[in-house]
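Examining the three-dimensional arrangement
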Amino acid sequence: MNQIAAAITWLTTSSHWTGSGSIGIRISEHLWYTLLALIVAATIAIPAGLAIGHTGRGKTVAVACSGALRALPSLGLLTLLTLSTTIGIGNPVVPSTIVLAILAIPPLLAGSYSGVEAVVDEVADGARACGMTQMQVLRRVELPLAAPLLLGGLRSAALQVIATTTICSYLGMGGLGRFILDGLAVSDYPQMLAGSIVIIALALVTDGLLSLATHLLIDPGVKHALALTPQ
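Values in this document were obtained by computation on a predicted structure and should not be read as measured data.

On to the packing of helix α2 (residues 23-55) against helix α7 (residues 134-164). At a minimum axis distance of 10 Å, the contact between α2 and α7 shows a crossing angle of 145 degrees. When you trace α2 past α7, the crossing you get is right-handed. In this structure, α2 uses H30, T34, A37, L38, I46, L50 and H54 to contact α7, whose residues at the interface are Q134, V137, L138, E142, L143, L150, A157, A158, V161 and I162. Its residues assigned to classes, the contact of α2 with α7 comprises 12 nonpolar, four polar and one charged.

With that settled, the discussion passes to helix α9 (residues 189-217). Under the 1.5 Å per step criterion, the end-to-end length of α9 is 42 Å for 29 residues, consistent within 8% with the ideal 42 Å. Within the span of α9, buried status applies to P190, Q191, M192, A194, G195, V198, I199, L202, A203, T206 and T214.

When the UniProt feature table is mapped onto this chain numbering, "transmembrane region" (unreviewed entry) sits at residues 31-54, 75-105, 157-181 and 193-218. Counted over residues 157-181, helix gives 52% and strand 0%. Its end C-alpha atoms are 24 Å apart. Helix and strand shares over residues 193-218 are 96% and 0% respectively, and the end C-alpha atoms of the span are 38 Å apart.

This part takes up the nonpolar core. Counting residues in hydrophobic clusters, the biggest one holds 19 residues, and the most contacted among them are L38, A41, A104, L108, L109 and V161. Mapped by element, the contributors of at least two residues to this core are α2, α5 (93-117) and α7. Element by element, the count of residues in this core is highest for α5, at seven residues. If near-sequence neighbours (up to four positions away) are discounted, L38 is found in contact with A104, L108, A157, A158 and V161. Of all hydrophobic cores here, the second largest spans 12 residues; its members include A7, W10, I162 and I199.

A positive phi angle, close to 55 degrees, is found at S187, a residue other than glycine. Of note, S187 is situated in the loop between α8 (177-185) and α9.

Across the protein, the average pLDDT comes to 86, with 91% of residues at or above 70. Of all the helices and strands in the protein, helix α10 (residues 220-228) carries the lowest mean pLDDT, 57, while α2 carries the highest, 93.

In total, this model carries four salt bridges according to the counting rule given. As a salt-bridge pair, E29 and R26 come within 3.0 Å of each other at their nearest N and O atoms. Linking E29 with R26, this pair stays in helix α2, spanning three residues, or about one helical turn. For R26, a relative accessible area of 16% corresponds to the buried category. In this structure, the salt-bridge partner of K59 is E117, at a minimum N-O distance of 3.2 Å. One end of the pair, K59, is in helix α3 (residues 59-71); the other, E117, is in helix α5, and 58 residues separate them in sequence. Given the relative accessible area of 34%, K59 is considered partly exposed.

Let's shift gears to the layout of surface pockets. Approximately 170 Å³ is the volume attributed to the second largest pocket. As for the second largest pocket, its lining consists of L31, T34, L35, L38, L154, A158, I162, T206, L209 and L210. Elements that contribute at least two residues to the lining of the second largest pocket include exactly α2, α7 and α9. Here the lining of the second largest pocket gets four residues from one element, more than from any other, and that element is α2. When its residues are assigned to classes, the lining of the second largest pocket shows eight nonpolar, two polar and no charged.

This paragraph deals with the packing of aromatic side chains. Enumeration over the complete set of coordinates arrives at one aromatic pair. On the numbers, 5.2 Å between centres and 75 degrees between planes, the contact of W10 with F179 is edge-to-face. A residue pair is termed long-range when its members are at least 10 positions apart, and W10 in helix α1 (residues 2-12) and F179 in helix α8 qualify at 169 residues. There is no split in this pair, since W10 and F179 are both buried.

The rules behind each value
Residues numbered from 1 in each chain as written. Predicted model: local features only at pLDDT ≥ 70, side-chain atom pairs only at ≥ 80, totals over all residues. Heavy atoms only, no water. Axes fitted to C-alpha atoms, helices over the stretch in contact; angles between N-to-C directions. Helix = DSSP H or I, 4+ residues; strand = E, 2+ residues; numbered from the N terminus. Left-handed = near helix turned anticlockwise from the far one by under 90°. Contact = heavy atoms within 4.5 Å. Nonpolar A, V, L, I, M, F, W, Y, C, P; charged D, E, K, R; others polar. Expected span 1.5 Å × (residues − 1). Buried < 20%, exposed > 50% of the residue type's maximum accessible area, 1.4 Å probe, protein only. UniProt positions renumbered as here; feature names shortened; annotations may be inferred. Core = buried A, V, L, I, M, F, W, Y, C linked by side-chain atoms within 4.5 Å. pLDDT = per-residue confidence, 0-100. Salt bridge = Lys/Arg side-chain N within 4 Å of Asp/Glu carboxyl O. 1 Å grid on protein atoms, 1.4 Å probe; cavity = no way out; pocket = protein on both sides within 12 Å on 5 of 7 lines; lining within 4 Å. Points joined across faces, edges and corners; volume = space filled by probe spheres on them. Phe/Tyr/Trp six-rings, centres within 6.5 Å; stacked < 30°, edge-to-face > 60°.

See below:
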């Protein structure tokens, strides 16, 4: 309890909220690294997942690749990429983004293809019978119905990346991991605990905001259709 009280005191100290290494600056850096990785991962995983769900081909490979990516040790991969002569030690943003994007790809890929795959065949067939092209069926029918699972994959990916972005400080980058790493170097346990508390709070707030966004973005008609879909 004494450590928790000390961490709260550290968090409420005004000097820790000002300057270049303030809590607010570290939060913004943490969010920027997270957003960059999610954009890269979404650019790769969502189109691939939609194509797999729409065509029904490649699911076995996608599942196998997702499992392999989940099994990769993030810190070990980060170290390997950083020491690579191709990427270079002097550009830590590149290896860190690659590692975080790899972490985000599996939930985004799974949410995309499982969302489209869950659409009832009769619905897609009816759209084709109305004269829609394959792309129109995917864009106007399957994608809206797949949105809940797709956004669920995004929520999962965001939480995993926010938690793992702390390893960026290992390369001398910013983010909330700085409080943990810098505190460890001088045995400042209140600072380390305070940094952990902020990371947890950031993850919970992000999850809440994404949950709210999911509720607001999903069309009521889609919710009704999903409620009527046999499980």
